[in-house]
Amino acid sequence: MGTVKCIGILTSGGDAPGMNAAIRAVTRAAIYNGLQVKGIYRGYKGLVTGEIKEFKSQNVSNIIQLGGTILKTARCKEFTTPEGRQLAYDNMKKEGIDALVVIGGDGSLTGARIFAQEFDIPCIGLPGTIDNDLYGTDTTIGYDTALNTILDAVDKIRDTATSHERLFFVEVMGRDAGFLALNGAIASGAEAAIIPEFSTEVDQLEEFIKNGFRKSKNSSIVLVAESELTGGAMHYAERVKNEYPQYDVRVTILGHLQRGGSPTAHDRILASRLGAAAIDAIMEDQRNVMIGIEHDEIVYVPFSKAIKNDKPIKKDLVNVLKELSI
């Protein structure tokens, strides 16, 4: 192992359920391996402003069940500049931090990659995002919990949709990725999912309205990813009102509801495994890798791959939804 004696840990970007479980795992695995740990508050902003505190085992007691992140998260314009990153590096050196563990999504890992290259610091990333859009890992921290939140909401919406014989468009998160919308639709028995990977054309709208309002059904639910490519739920509701005025249309936008809540067992276990593996990676002198999970095995994915490559949607999932929504 190199000269790493002290690691810094931060959460960045959008919060995701399970981030606290990851903070706990990284902290305790580091201490177990004889390393000192420092918690960096408010993401890269805390690195720039020096909002850093030493973490002992008790600092992460009783947090595994909490949503959000005890380290907080914030946007940081300064860190996008060389001057800001220099300040961040100076604060790291002042605090004696030799390596960095970053928990976050695409943007957070991009920041870590640039920082690592500029100052030759070992940086390890953990995939923390409800969107599940990072390449090289089967699932990301927070995705399972968000999916279950969507499921709970859609189950409740279906009760009112059926009672009133309505068509509901439910907007879910996933700006550039349709994983939440597609798998949420399969799990909740929705009639269709509109996702950025396959921007829906007029005939597809017609197709699922015809399928949804056959004699066997008196209500329909369509999940829409909140992407610019799809136009969101309001866009589709307007189209139906104009093109199919005979249908009673309603829209529900789940918004930040999907980010909150106590993490599921799956997310707690995933975050714990990935957090412990981050320390293993540091002990093995790894750098600039994201810790992922593929086929239930821990994998190291270079930042360049995790960030640059788009994670593909499985075509067979689209077919499953189509077949089961008749």
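Residues numbered from 1 in each chain as written. Predicted model: local features only at pLDDT ≥ 70, side-chain atom pairs only at ≥ 80, totals over all residues. Heavy atoms only, no water.

## Topic: the overall build of the chain
Across its full length, the chain carries 11 helices and 11 strands. Taking 20 Å as the expected radius of gyration for a compact globule of 326 residues, we find that the chain reaches 22 Å, a close match to that expectation. Looking at the 326 residues of the chain, the share that counts as buried comes to 51%. The average position of the 36 basic charges and that of the 42 acidic charges among the side chains of the chain differ by 4 Å. (Helix = DSSP H or I, 4+ residues; strand = E, 2+ residues; numbered from the N terminus. Rg over C-alpha atoms; globule rule 2.2 N^0.38 Å. Buried < 20%, exposed > 50% of the residue type's maximum accessible area, 1.4 Å probe, protein only. Lys, Arg positive; Asp, Glu negative; His and termini not counted. Charge placed at Lys NZ, Arg CZ, Asp CG, Glu CD.)

## With respect to the environment of Glu95
With respect to the helices and strands, the residue Glu95 is situated in helix α3 (residues 82–95). Looking at Glu95, the relative accessible area reads 23%, which means it is partly exposed. Among all residues touching Glu95, those that are not within four sequence positions of it are Lys38 and Ile52. (Contact = heavy atoms within 4.5 Å.)

## Observations regarding helix α1 (residues 19–32)
The first and last C-alpha atoms of α1 sit 20 Å apart over 14 residues, in line with the 20 Å expected at 1.5 Å per residue. Buried residues dominate α1, accounting for 10 of its 14 residues. Summarising the contacts, the buried residues of α1 are in contact with β1 (6–11), β2 (36–40), β3 (52–55), β4 (99–104), β5 (123–127) and α9 (265–283). The positive-phi residue at the C-terminal boundary of α1 is Gly34, with phi of around 80 degrees. (Expected span 1.5 Å × (residues − 1).)

## Quick notes on the domain arrangement of the chain
Domain annotation of the chain identifies domain 1 (4–140 + 262–306) and domain 2 (143–258). Contact with domain 1, which involves 13 residues of that partner, is made by 12 residues of domain 2. In this assembly, domain 1 packs against domain 2 so that about 950 Å² is buried in total across both faces, 58% of it on carbon and sulfur atoms. Sorting the residues of domain 1 by area buried against domain 2 places Ile130, Asp131 and Asn132 first, and these three jointly supply 53% of that buried surface. For the pair domain 1 and domain 2, the interface holds 0 salt bridges. The tally of links between domain 1 and domain 2 comes to 5 residue pairs in polar contact (both at pLDDT 80 or more). Grouping the constituent residues of the side of domain 1 that touches domain 2 by class yields 3 nonpolar, 7 polar and 3 charged. (Domains from an automatic or database assignment. Buried area = accessible area lost by both parts, 1.4 Å probe. Salt bridge = Lys/Arg side-chain N within 4 Å of Asp/Glu carboxyl O. Polar contact = N/O pair within 3.5 Å; in protein donor to acceptor, adjacent residues only side chain to side chain. Nonpolar A, V, L, I, M, F, W, Y, C, P; charged D, E, K, R; others polar.)

## Notes on the state of the cysteines
Enumeration over the complete set of coordinates arrives at 0 disulfides. In this structure Cys6 is not part of a disulfide, and its nearest cysteine sulfur, from Cys123, lies 13 Å away. A disulfide-free cysteine, Cys76 has its sulfur positioned 15 Å from the sulfur of Cys123, the nearest such atom. Residue classification places Cys76 among the buried residues on the basis of a relative accessible area of 13%. (Disulfide = S-S within 2.5 Å.)

## Things to note about the sheet that holds strand β9 (residues 249–253)
Taken in spatial order, the 4 strands of this open sheet run β7-β8-β6-β9, and their pairing is parallel. For this open sheet the edge positions go to β7 (192–194) and β9, each flanked by a neighbour on one side alone. Adjacent strand axes in the sheet meet at a mean angle of 20 degrees when their direction is disregarded. When β7 meets strand β8 (residues 220–225), the two strands line up parallel, connected through 3 bridges. The residue bridging Ala192 from the neighbouring strand is Val222, located in β8. In the packing of helix α8 (residues 232–243) onto the sheet, contacts are made with β6 (167–172), β7, β8 and β9, and the angle to β6 comes to roughly 160 degrees. (Pairing = 2+ DSSP bridges. Axes fitted to C-alpha atoms, helices over the stretch in contact; angles between N-to-C directions.)

## Some remarks on the nonpolar core
Among the nonpolar cores identified, the biggest contains 63 residues, and Ile7, Leu126, Leu180 and Leu223 are the most heavily contacted of them. Beyond its immediate sequence surroundings of up to four residues, Leu126 is in contact with Ala22, Val26, Val101, Val102, Ile103, Gly104, Leu109, Ile141, Leu274, Gly275, Ala278 and Ile291. The next biggest cluster of nonpolar side chains, apart from the first, holds 27 residues, and it includes Ala88, Ile121, Leu134 and Val301. (Core = buried A, V, L, I, M, F, W, Y, C linked by side-chain atoms within 4.5 Å.)

## What to know about the pattern of salt bridges
Evaluated as defined, the whole model comprises 13 salt bridges. In this structure, Arg42 and Glu51 form a salt bridge, with 2.4 Å as the shortest nitrogen-oxygen distance. Here Glu51 falls in the partly exposed class, since its relative accessible area comes to 31%. Here Asp152 ties to Lys156 by a salt bridge, and the two come within 3.2 Å at their closest N and O atoms. Here Asp152 pairs with Lys156, and both are found in helix α5 (residues 143–164), just 4 residues apart, close to one helical turn. Using a relative accessible area of 42% as the deciding quantity, one classes Asp152 as partly exposed. The network of salt bridges with shared partners includes Arg166, Asp248 and Arg250.

## A short note on the packing of α3 against helix α4 (residues 106–119)
Between α3 and α4, whose axes approach to 11 Å, the crossing angle comes to 70 degrees. Judged by the inter-axis angle, α3 sits roughly perpendicular to α4. In this structure, α3 uses Arg85, Gln86, Ala88, Tyr89 and Met92 to contact α4, whose residues at the interface are Ile114, Phe115, Glu118 and Phe119. When grouped by side-chain class, the residues that make up the contact of α3 with α4 number 6 nonpolar, 1 polar and 2 charged. (Parallel < 35°, antiparallel > 145°, perpendicular 65-115°, else oblique.)

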